[in-house]
Amino acid sequence: FSDTGNDRIRRIDTNKMITTVAGNGQFRYGGDGGPAASAYLNGPDSLATTPDGAVLASDGSRIRKIDPKGQISTFKGISGADGIGVDPSGTVYIGEVGRIWRIRSTGALELFAGTGCVQSCPLGDGGPALRATIGRATSFAFDSAGNVYFADPESDMQRVRKIDRNGVITTVAGN
């Protein structure tokens, strides 16, 4: 879990013991290539786990990666990451205000959904996700049919939305 206020990422094991996975408690950026527990973090927030067991964390204007051996690196520089999700194939989704980005296994960053417009814009349900209004994409989930679900907690949205395999966006909960 993210211990944002203490600039750390922690783990609770099956014996209910809490340990630090990443972060030395000092608010800044640094430590790539070294032990994650000694690294500097910049208010880590959203977390996701990759199929190979690595942990991705939004950390200021970067996505940091903690590999299964406990080493930290910068996975991708991106400003304003509010949510991270990783689907079963390892594709990474990053939510920010107005948009969702997708990072393919090749490392290519591509726009997945959203126009960037967040106020007084058409919702876009039933149409292409690339032309939809997204307030702020946070918590991601994926189903076996290849659909992407995300929470949009912005005050004028407050919805759970789905983007199907064909790129069509709909609201599944909230109004």
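Now for a look at the structure at hand. Because the structure is predicted, anything quoted here is derived from the model rather than measured.

1. What to know about the overall build of the protein chain
Argument step 1. Within the protein chain one finds zero helices and 15 strands.
Argument step 2. In terms of overall dimensions, the protein chain is globule-like: its C-alpha atoms have a radius of gyration of 17 Å, near the 16 Å expected for 175 residues.
Argument step 3. C-alpha atoms of the protein chain, sized along the principal axes, occupy 45 × 35 × 30 Å.
Argument step 4. Contacts in the protein chain between residues far apart in sequence, at least 24 positions, make up 33% of those at least 6 positions apart.
Argument step 5. With the model as given, the accessible surface of the protein chain reaches about 8800 Å², and the carbon-plus-sulfur share is 48%.

2. Focus: the pairing of strand S13 (residues 148-152)
Argument step 1. Along S13, the buried face is formed by Val-148, Phe-150 and Asp-152; none of Tyr-149 and Ala-151, which line the opposite face, is buried.
Argument step 2. In this sheet, S13 lies alongside strand S12 (residues 140-142) in antiparallel orientation, the contact comprising three bridges. Across the sheet, the residue bridging to Ala-141 is Tyr-149, located in S13.
Argument step 3. Joining the antiparallel neighbours S12 and S13 is a turn of five residues, in which Gly-146 adopts a positive phi near 90 degrees.
Argument step 4. In this sheet, strand S14 (residues 159-163) lies alongside S13 in antiparallel orientation, the contact comprising five bridges. Within S14, the position partnered with Asp-152 by the bridge is Arg-159.

3. What to know about the nonpolar core
Argument step 1. Counting 13 residues, the largest nonpolar core has Ile-100, Phe-112, Ala-113, Phe-140, Phe-150 and Ile-163 as the members making the most contacts within it.
Argument step 2. Of all the secondary-structure elements, those providing two or more residues to this core are strand S11 (109-113) and S13.
Argument step 3. With residues near it in sequence (within four places) discarded, Ile-100 still touches Tyr-93, Ile-94, Gly-95, Glu-110, Leu-111, Phe-112, Ala-113, Ile-134, Ala-137, Phe-140, Phe-150 and Ile-163.
Argument step 4. By size, the runner-up hydrophobic cluster in this structure holds 11 residues, among which are Ile-63, Ile-78, Ile-84 and Ile-103.

4. Thoughts on the state of the cysteines
Argument step 1. Using the criterion set out here, one finds one disulfide in the structure.
Argument step 2. Here Cys-117 is linked by a disulfide to Cys-121, with a sulfur-sulfur distance of 1.3 Å.

5. Examining the packing of aromatic side chains
Argument step 1. Under the counting rule described, the total for this entry stands at four aromatic pairs.
Argument step 2. When the centroid spacing of 5.1 Å and the interplanar angle of 75 degrees are considered together, the rings of Tyr-93 and Phe-112 count as edge-to-face. Of this pair, Tyr-93 sits in strand S9 (residues 92-96) while Phe-112 is found in strand S11, placing the two residues 19 residues apart along the sequence. Each member of the pair Tyr-93 and Phe-112 is classed as buried.
Argument step 3. The buried category is assigned to Tyr-93, whose relative accessible area is 4%.
Argument step 4. Within the aromatic cluster, the residues linked to one another by ring pairs are Tyr-93, Phe-112, Phe-140, Phe-142 and Phe-150.
Argument step 5. Sitting over the ring of Tyr-40, Arg-28 keeps its end group 3.7 Å from the ring centre.

6. Here we look at the sheet that holds S9
Argument step 1. Strand order in the open sheet made by the four strands is S8-S9-S10-S11, with antiparallel pairing throughout. At either margin of the open sheet sits one strand with a lone partner, and together these are strand S8 (83-86) and S11. The sheet shows a mean angle of 25 degrees between the axes of neighbouring strands, taken without regard to direction.
Argument step 2. The sheet contact formed by S8 and S9 spans four bridges and is antiparallel. Among the inter-strand pairings, Gly-83 is bridged to a residue of S9, identified as Gly-95.

Rules used in this analysis
Residues numbered from 1 in each chain as written. Predicted model: local features only at pLDDT ≥ 70, side-chain atom pairs only at ≥ 80, totals over all residues. Heavy atoms only, no water. Helix = DSSP H or I, 4+ residues; strand = E, 2+ residues; numbered from the N terminus. Rg over C-alpha atoms; globule rule 2.2 N^0.38 Å. Contact = heavy atoms within 4.5 Å. Areas by Shrake-Rupley, 256 points an atom, 1.4 Å probe, with all protein chains shown as cover. Buried < 20%, exposed > 50% of the residue type's maximum accessible area, 1.4 Å probe, protein only. Pairing = 2+ DSSP bridges. Core = buried A, V, L, I, M, F, W, Y, C linked by side-chain atoms within 4.5 Å. Disulfide = S-S within 2.5 Å. Phe/Tyr/Trp six-rings, centres within 6.5 Å; stacked < 30°, edge-to-face > 60°. Lys NZ or Arg CZ within 6 Å of the ring centre and 35° of its normal. Axes fitted to C-alpha atoms, helices over the stretch in contact; angles between N-to-C directions.

Geometry only, nothing functional implied.
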